[in-house]
Amino acid sequence: MYLPKLEQFHKYKEMDEGVLGLFETPEAIIHAAEKAKEKDYKGFDCILPYPVHGIDEAMGTPRSGLPWVTFFAGIFGCTIGILFQYLTHAHDWPLNISGKSLNAWFAYVPIIFELTVFSAGIYTVAALCFLSGIPKATRRILHPDLTSHRFGLWIPKSAKGYNESEVVSFVKGLGGSEVTVVKPENQK
Amino acid sequence: MSLTQAVRDKLDIPDLVTGGKSLKDVTVDIAKPNEDFPTKLWWNTFLLVLTITLIDVAIIGYLFYEGLYLLGINNPVGWGFFVVNFVFWIGIGHAGTLISAVLFLFRQGWRTGINRAAEAMTIFAVLVAASNLILHVGRPWLGFWLFPYPNERGPLWVNFRSPLIWDTFAVSTYLSISMVFWYLGLIPDLATLRDRATETWRKNLYNVLSFGWVGSARSWSHLEIVSMILAALSTPLVLSVHTIVSFDFAVSILPGWHTTIFPPYFVAGAIFSGFAMVVTLMVIAREVFNLKNYITMKHLDNMNKIMMVTGLIVGLAYGTEFFIAWYSGNEYEVFAFWNRAFGPYGWAYFIMISCNVLSPQVFWFRKLRYNIPVMFVASLVVNVGMWFERFVIMMTLNRDFLPSSWAMYTPTLFDYAMLIGTFGIFFTLFLLWCRIMPVIAIAEVKTVMPQKEGAHH
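Under the annotation held in an unreviewed UniProt entry, chain B carries the name Hydrogenase and is attributed to Leptospira noumeaensis. Annotation of chain B in UniProt includes, under Subcellular location (unreviewed entry), the sentence "Cell membrane". UniProt lists a comment for chain B under the heading Sequence similarities (unreviewed entry), and it reads "Belongs to the NrfD family."

As annotated in an unreviewed UniProt entry, chain A carries the name DUF3341 domain-containing protein and comes from Leptospira kanakyensis.

Structural data, given as structure tokens:
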């Protein structure tokens, strides 16, 4: 049976301290991600200007678990839609309109549908914001080209076996053009 | 994009981004209209539409100070232009969601050039439509009564069996899901503008607007899934919204309105008019912002084809309505349709037919599908025709069961001012949006670039 796994809800980790290498092509970043995975740098990340296909497999990131949020939020919205209309029309304020049944549920379908879609959509987006750590206006930008045409490989200090000079030479060896060591003190 | 450039060339698949652009060129080209000082043309157009909007707002104020008697509405025609405008603008909005959601689900790469502008068009059109919905109730300051909330008047709830309440829920859900879908796609592009900004105020503005987006692969993987989910949610939503709008009419017992063809017929009409509006806007945008490499002739060609097909569907619906009216043997139904075509508003009916059914037929010819002036005129004509379609439906009210209750509807200057005002509001919002946000989805265009594959060879 297909069940949600915790690692599917991978969270964005702040990039405070570590090594950043810049790459020029999507192929280069996929290659770099594969090598970083082999090296087992836990928590490493790639920074991309657009979703590069194949990067998830290269990094070993599991498929996002957000459809589960949509599924349960949809059921929640649907239940609210049914209960709210039934309780207000048949219990709290029963109103006889042309002798129709108080629980004329066919007429409830449009609103049940809209509430299902609404809560499924909104809760999924809320979950996305939570997992991606947005909105946060005070975030530091590592390199301006990363949202335009270059690709970054980020290896955080927290990674197992992190050794600054070793990591720098590792990233350089992969063909990283600009390799910078990011430290909290030289930020801003 | 799994095909390599060589295969694409062999199969003669046109590039979605022409001009041999690199990733950086895409960013620079698309961000240019946001970074440069607005041109004279932009200012002139903006001031014109802003003036129309301000006049419209003043007129709305006066209208509600004086009362709705200033409008042409009467008994039996109690709805008038507000509802014509409401249905028209909601319909315009639908193409935006269709382009971004349905074409996304069908993996149509060509949507990336036009989806952003189409989505923005949706939001503004739905806002304009919703304002007409609120205004047509006559006392708009009590508009909040449409929402169910625990109030101080005892256990008094809205009537969930009323199409007006269905409209409220459908339109507000549609507006919120479309806005979220649109903004979610904008976040990475706003981050691009933030990183390119040189002035501090601009950097701060885009920093706030972009929510602090970094572009981490982990966030992208969530974002892609969420885009897909929202696309899958908005597709039935589009159908439901216009279906519910058609229920406003179809659940009545009026001849000519009480028909099961209404939901699909309205949805087809909505797509038709929406695509016409997208063509109008895209033809202008690619000229003004110099985006011919991103909104290519292929994009316009595809949209023209869709316009032609939906035009045929709408034509079929007109025919079906007539046939079923005759076939039903119901004399009120037969009369309603005879009156539509040959009654006092027959002129509107024939404007509708010639604009909606005849004019899109020019797109059978490839030469005309690739002709900018032809498609521009055709798209305007279709919009006129679709507005008249809603007008014709509304005018069914003027002659119902009893000849003693028949009355003519004559729009007043206030009605026309409201109509022009809706265009003013729509274009003011659209022009402002073009200034501060990218008109083309920067990140998404990059994913369909043909050069990408060849980059490492």
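Asker: How would you sum up the domain arrangement of chain A? Please name residues and give values.
Answerer: Domain boundaries assigned for chain A yield domain 1 (15–62 + 145–182) and domain 2 (65–132). For domain 1 of chain A and domain 2 of chain A, the distance between their C-alpha centroids amounts to 44 Å.

Asker: Give a detailed account of the confidence of the model for chain B, specifying residues and quantitative values.
Answerer: In this model, chain B carries an average pLDDT of 86, and 95% of its residues clear a pLDDT of 70 or more. The complex model carries a pTM of 0.87, and its ipTM stands at 0.89.

Asker: Describe in detail the packing of helix α3 (residues 40–66) of chain B against helix α15 (residues 413–436) of chain B, supporting the description with residues and values.
Answerer: Geometry of a packed helix pair, given as the angle between the helix axes and the separation of the axes. Residue and element names in this part refer to chain B. Remark: α3 packs on α15, axes separated minimally by 7 Å, with the N-to-C direction vectors making an angle of 135°. Viewed along their axes, α3 and α15 adopt a mutual orientation that is oblique. In the packing of α3 onto α15, the handedness of the crossing is left-handed. Tallied by class, residues from the contact of α3 with α15 come to 17 nonpolar, six polar and two charged.

Asker: Quick one: what's the story with the nonpolar core, residue by residue and with numbers?
Answerer: Membership of the largest hydrophobic core comes to 179 residues, with the highest contact counts inside it found for C46, I55, L153 and I155 of chain A together with M303, F391 and W433 of chain B. Sequence-distant contacts of I155 of chain A, that is, excluding residues within four places in its chain, are made with G18, V19, Y41, F44, Y162, V167, F170 and V171 of chain A. Of all hydrophobic cores here, the second largest spans eleven residues; its members include I59, L63, L70 and L135 of chain B.

Asker: Outline the UniProt feature "transmembrane region" (unreviewed entry) in chain A, supporting the account with residue identities and numerical values.
Answerer: Residue and element names in this part refer to chain A. The sites that UniProt annotates as "transmembrane region" (unreviewed entry) are residues 68–87 and 107–131. When the span residues 68–87 is considered, its composition is 100% helix and 0% strand, and the gap between its end C-alpha atoms is 28 Å. The span residues 107–131 is 92% helical and 0% strand by assignment, and the distance between its end C-alpha atoms comes to 38 Å.

Asker: Describe in detail the interface of chain A and chain B, supporting the description with residues and values.
Answerer: With 68 residues of chain A in contact, the opposing surface of chain B contributes 56 residues. Counting the surface lost from both chain A and chain B, the interface buries some 5600 Å², and carbon and sulfur atoms represent 70% of this. Where chain A touches chain B, the interface holds one salt bridge. Counting across the interface, chain A meets chain B through 19 residue pairs in polar contact (both at pLDDT 80 or more).

Reading the values: the criteria
Residues numbered from 1 in each chain as written. Chains lettered and ligands numbered in written order. Predicted model: local features only at pLDDT ≥ 70, side-chain atom pairs only at ≥ 80, totals over all residues. Heavy atoms only, no water. UniProt positions renumbered as here; feature names shortened; annotations may be inferred. Domains from an automatic or database assignment. pLDDT = per-residue confidence, 0-100. Axes fitted to C-alpha atoms, helices over the stretch in contact; angles between N-to-C directions. Helix = DSSP H or I, 4+ residues; strand = E, 2+ residues; numbered from the N terminus. Parallel < 35°, antiparallel > 145°, perpendicular 65-115°, else oblique. Left-handed = near helix turned anticlockwise from the far one by under 90°. Nonpolar A, V, L, I, M, F, W, Y, C, P; charged D, E, K, R; others polar. Core = buried A, V, L, I, M, F, W, Y, C linked by side-chain atoms within 4.5 Å. Buried < 20%, exposed > 50% of the residue type's maximum accessible area, 1.4 Å probe, protein only. Contact = heavy atoms within 4.5 Å. Buried area = accessible area lost by both parts, 1.4 Å probe. Salt bridge = Lys/Arg side-chain N within 4 Å of Asp/Glu carboxyl O. Polar contact = N/O pair within 3.5 Å; in protein donor to acceptor, adjacent residues only side chain to side chain.

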